[in-house]
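Each chain, written out:
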Amino acid sequence: MSSNRDNTRAQFSTRIGVIATAVGSAIGLGNIWRFPYEAGSNGGGAFMLCYIFFICLLGIPLICAEFIIGRATRSNEIKAFEKLAPGRKWFLNGYIGVLASVLILSFYSVVAGWTLEFFLVAVTGHMPSNSAELHRFFSEFISGNWRPLIWTIVFLVVNYLVVCRGVQKGIERLSNCLMPAMTLLLIAFCVNSLFLPGASDGLRFLFSPDFSKIDSESLLSAMGQAFFSLSIGLGGMLTYASYFPDTVRLGSCATTTAVLDTFVAILAGVIIFPAVFTYGISPQSGPTLVFETLPAIFMNLPGGTIWATLFFFLLFLASITSTISMSEISIAYFEEERRLSRKKATALTIGIAILLGSVCALSFGPLSDMKIFGKTVFDLFDYVSSNICLPVGGIVTSIFVGWVIDRKVIDSQMGCRGQRGFGVRVLIVILRYIAPAAIMLIFLNSLGVL
Ligand code: TRP
């Protein structure tokens, strides 16, 4: 592991490793599970168009903003804000990031646990092959008392073991080989979906926008989904960038990450919606949508068991490369600010996630009547983190880089020598004016304030 200037912090070793890790953080359940169900619940095509618009207009600039803060300070999120604006209150945003990332880790691990159950069922050859049976199997599974809980805990313990091995060894190697394999498999499924009888209905749903379906709530969801999928707003990319070597070009790394991430989300949509219309599943089924749809696709293919096994295994690995980045936000904080050893910092983070995750895991079954603001705990965690914490984090991050920090920091991190290039000038305009105004408008509008 190469060390940096102060010889204490770890660093990623290669440029490819850096891109693979950023992409590994971005691509996960957000693309394959959350994007299709959010698109399904928010009108399909129009949602997708808004989502892509937010990725380009706000997503790429905000990844750059987090990269700039992270690499310029080489610190955990809270220290990073403190270093760039000493003695002011900006570091408070770091606390929101740490808290919200643990919330996300909790409900995310429940879904990652579902992938483990499906993997096991596929491997042992017990995957139901028609959609009615599948529906019954899945409903029984998530409403059970034990299995969802145990899988959530198993997933978090595996996450603990990977993270404990340190930044580079654990994360970098895993990401390097997994993402290409996952993408190839997705492309194969995509081609298959295009031949399903419901393909044209599915594609029409996903690609032809009906703007009457768009209201402020679905705009907020599209923006929250863009942030969630790119791991921005809470300091996920910031924390990773604190381990980047100086040679990495932040702008191109941000763009590559966003393009690949969006590509995978669209692939997931193209796989899911033809199947949704073929097997008569409601696009508005919510968090269960993908888990009821995908196995039906696989089991209707020759060698279905093998496809299902392979897919759920890769989905589990894609989830882990994302949860590693979520955990890293609070681990870096506990390690550097609270002076815990890496092991203890990891154990504390995972311990909290196990407690909260257990409640989420049971919220489809024994705790389904426990409603807060009309939502189950799982839905509440998802809503609060994605639709409140991510936009708030996005506003603060853009204002911070656009208005507060010294321009020289931006120039040096973005590699400007002498004249500031066009890209960096656009970046500054977006971070100063467009991003804060747009996020604020959508956010307040959906709260009914505007
Ligand atoms: N981007 C990941 C996904 O799409 C989720 C994720 C990883 C995340 N790290 C994050 C979301 C940090 C918010 C903050 O699955």
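About the cut-offs
- Residues numbered from 1 in each chain as written.
- Predicted model: local features only at pLDDT ≥ 70, side-chain atom pairs only at ≥ 80, totals over all residues.
- Heavy atoms only, no water.
- Helix = DSSP H or I, 4+ residues; strand = E, 2+ residues; numbered from the N terminus.
- Near = heavy atom within 4 Å.
- Polar contact = N/O pair within 3.5 Å; in protein donor to acceptor, adjacent residues only side chain to side chain.
- 1 Å grid on protein atoms, 1.4 Å probe; cavity = no way out; pocket = protein on both sides within 12 Å on 5 of 7 lines; lining within 4 Å.
- Sits in = over half its atoms within 2 Å of the grid points.
- Nonpolar A, V, L, I, M, F, W, Y, C, P; charged D, E, K, R; others polar.
- Buried < 20%, exposed > 50% of the residue type's maximum accessible area, 1.4 Å probe, protein only.
- Contact = heavy atoms within 4.5 Å.
- Disulfide = S-S within 2.5 Å.
- Bend = angle between axes of the 7 residues up to and from the residue.
- Axes fitted to C-alpha atoms, helices over the stretch in contact; angles between N-to-C directions.
- Parallel < 35°, antiparallel > 145°, perpendicular 65-115°, else oblique.
- pLDDT = per-residue confidence, 0-100.
- Points joined across faces, edges and corners; volume = space filled by probe spheres on them.
- Arc of directions from axis to C-beta.
- Core = buried A, V, L, I, M, F, W, Y, C linked by side-chain atoms within 4.5 Å.
- Salt bridge = Lys/Arg side-chain N within 4 Å of Asp/Glu carboxyl O.

Novice: What exactly am I supposed to notice about the environment of Asn 93 here?
Specialist: Within the secondary structure, Asn 93 is located in helix α5 (residues 92-123). In sequence terms Asn 93 and Cys 389 are 296 residues apart; their C-alpha atoms lie 9.8 Å from each other.

Novice: Sorry, what's going on with the site of the ligand here?
Specialist: In the vicinity of the ligand lie 15 residues, with Ala 26, Gly 30, Tyr 108, Phe 228 and Ser 325 positioned nearest. The contact in question runs from an oxygen atom of the ligand to an N or O atom on the backbone of Gly 30, over 2.8 Å. Asn 31 places a side-chain nitrogen or oxygen 3.5 Å from an oxygen atom of the ligand. Judged by the fraction of its atoms near the pocket grid, the ligand is located in the largest cavity. Breaking the shell around the ligand down by element, the ones donating at least two residues are α1 (15-26), α2 (29-41), α5, α10 (216-229) and α14 (304-336). A class-by-class count of the residues in the shell around the ligand yields seven nonpolar, eight polar and no charged.

Novice: Can you walk me through the side chain of Thr 288 in this structure?
Specialist: One can find Thr 288 in the loop between α12 (250-278) and α13 (289-299). In this structure Thr 288 comes out as buried when scored by relative accessible area, which is 13%. From its side chain, Thr 288 meets the backbone oxygen of Ser 285 in a polar contact 3.4 Å long. Leaving out residues up to four positions away in the same chain, Thr 288 has contacts with Phe 138 and Ile 142.

Novice: Can you walk me through the state of the cysteines in this structure?
Specialist: Note: disulfide means a covalent bond formed between the sulfur atoms of two cysteine side chains. Inspection of every chain in the model, using the stated rule, returns zero disulfides. No disulfide involves Cys 56; its nearest neighbouring cysteine sulfur is the one of Cys 50, lying 12 Å away. Using a relative accessible area of 47% as the deciding quantity, one classes Cys 56 as partly exposed. Here Cys 190 stays free of any disulfide, with the sulfur of Cys 56 as its closest cysteine sulfur at 20 Å.

Novice: Even after reading the chapter, I still don't get helix α16 (residues 377-404), so can you show me in this structure?
Specialist: At 3.6 residues per turn, the α-helix brings residues three or four places apart onto the same side. Remark: the principal bend of α16, roughly 30°, maps to Cys 389, with a proline, Pro 391, within the next four residues. Extensive coverage of α16 is indicated by the burial of 20 of its 28 residues.

Novice: Quick question: what am I supposed to make of the packing of α2 against α16 here?
Specialist: Axis angle and axis distance: for two packed helices, these are the angle between their axes and the distance between the axes, and together they describe the pair. One can describe the packing of α2 onto α16 by two numbers: an axis separation of 15 Å at closest approach and a directional angle of 90°. By the angle between their axes, α2 is roughly perpendicular relative to α16. Facing α2, whose interface residues are Trp 33, Arg 34 and Tyr 37, α16 presents Phe 378, Asp 382 and Ser 386. Each residue belonging to the contact of α2 with α16 can be placed in one class, and the counts come to three nonpolar, one polar and two charged.

Novice: For this particular structure, what's the right way to read the confidence of the model for the chain?
Specialist: Detailed reading of predicted coordinates is not advised where the pLDDT is low. Averaged over every residue, the pLDDT of the chain is 91; residues scoring 70 or more account for 96%. Least confident of the elements in the chain is helix α8 (residues 167-193), whose mean pLDDT is 79; most confident is helix α3 (residues 45-73), at 97. Segment residues 1-7 is flagged for pLDDT under 50; beyond a separation of four residues in sequence, or across chains, it makes 14 contacts in the model.

Novice: I tried to follow empty space enclosed by the protein on my own but got confused; where do I start?
Specialist: If you roll a probe as big as a water molecule over the atoms, it shows you where there is empty space left. Following the criterion strictly, the structure yields two cavities of 30 Å³ or more and no others. By volume, the largest cavity amounts to about 180 Å³. Surrounding the largest cavity, 20 residues form its lining, Ile 104, Phe 228, Ser 231, Ser 325 and Met 326 being those nearest its centre. When residues of the lining of the largest cavity are traced back to their parent elements, those giving at least two are α1, α5, α10 and α14. Top contributing element to the lining of the largest cavity by residue count: α14, with four residues. Broken down by class, the residue content of the lining of the largest cavity amounts to 10 nonpolar, 10 polar and no charged. Of the voids in this model, the second largest cavity is the one considered here, and its volume is about 40 Å³. As for the second largest cavity, its lining consists of Ile 32, Leu 186, Phe 189, Ala 268, Ile 271, Ile 272, Leu 294 and Phe 311. Looking at the lining of the second largest cavity, the elements with two or more residues in it are α8 and α12.

Novice: Hey, could you run me through unusual backbone geometry in this one?
Specialist: Across residues other than glycine, the phi torsion is negative in most instances, and most of the peptide bonds are trans. Located in the positive-phi region is Arg 74, a residue other than glycine, with phi close to 45°. Using a relative accessible area of 8% as the deciding quantity, one classes Arg 74 as buried. The residue Ser 231 is not glycine, and still its phi comes out positive at about 60°. Assignment of secondary structure puts Ser 231 in the loop between α10 and α11 (236-241). With relative accessibility at 15%, the residue Ser 231 sits in the buried group.

Novice: Looking at this model, I keep getting lost on helix α4 (residues 77-84). Mind explaining?
Specialist: For α4, the set of buried residues is Glu 77, Ile 78, Ala 80 and Phe 81. Along the axis of α4, the buried residues cluster in a sector spanning 165°; they form a single face. On the buried face of α4, the contacting elements are α3, α5, α11, α14 and α16. The N-cap residue of α4 is Asn 76: its side-chain oxygen and the backbone nitrogen of Ile 78 are 3.1 Å apart.

Novice: Explain the nonpolar core here, please?
Specialist: Here is a general trend for soluble globular proteins: nonpolar side chains tend to be buried in one another's company. Counting 152 residues, the largest nonpolar core has Phe 67, Phe 244 and Phe 311 as the members making the most contacts within it. With 16 residues, α14 is the largest single contributor of residues to this core.

Novice: Please clarify how the pattern of salt bridges should be interpreted in this entry.
Specialist: Oppositely charged side chains can form a pair if their charged atoms are brought close together. Overall, the coordinates contain 10 salt bridges when judged by the stated rule. Between Glu 117 and Arg 147 there is a salt bridge, with its nearest N and O atoms 3.0 Å apart. Placement of the pair is Glu 117 in helix α5 and Arg 147 in helix α7 (residues 147-164), with a sequence separation of 30 residues. What makes Glu 117 buried here is its relative accessible area of 2%. Between Lys 213 and Asp 210 there is a salt bridge, with the nearest N and O atoms lying 3.5 Å from each other. We classify Asp 210 as partly exposed; its relative accessible area is 31%. Through salt bridges with shared partners, a single network forms among Arg 34, Glu 38 and Asp 382.

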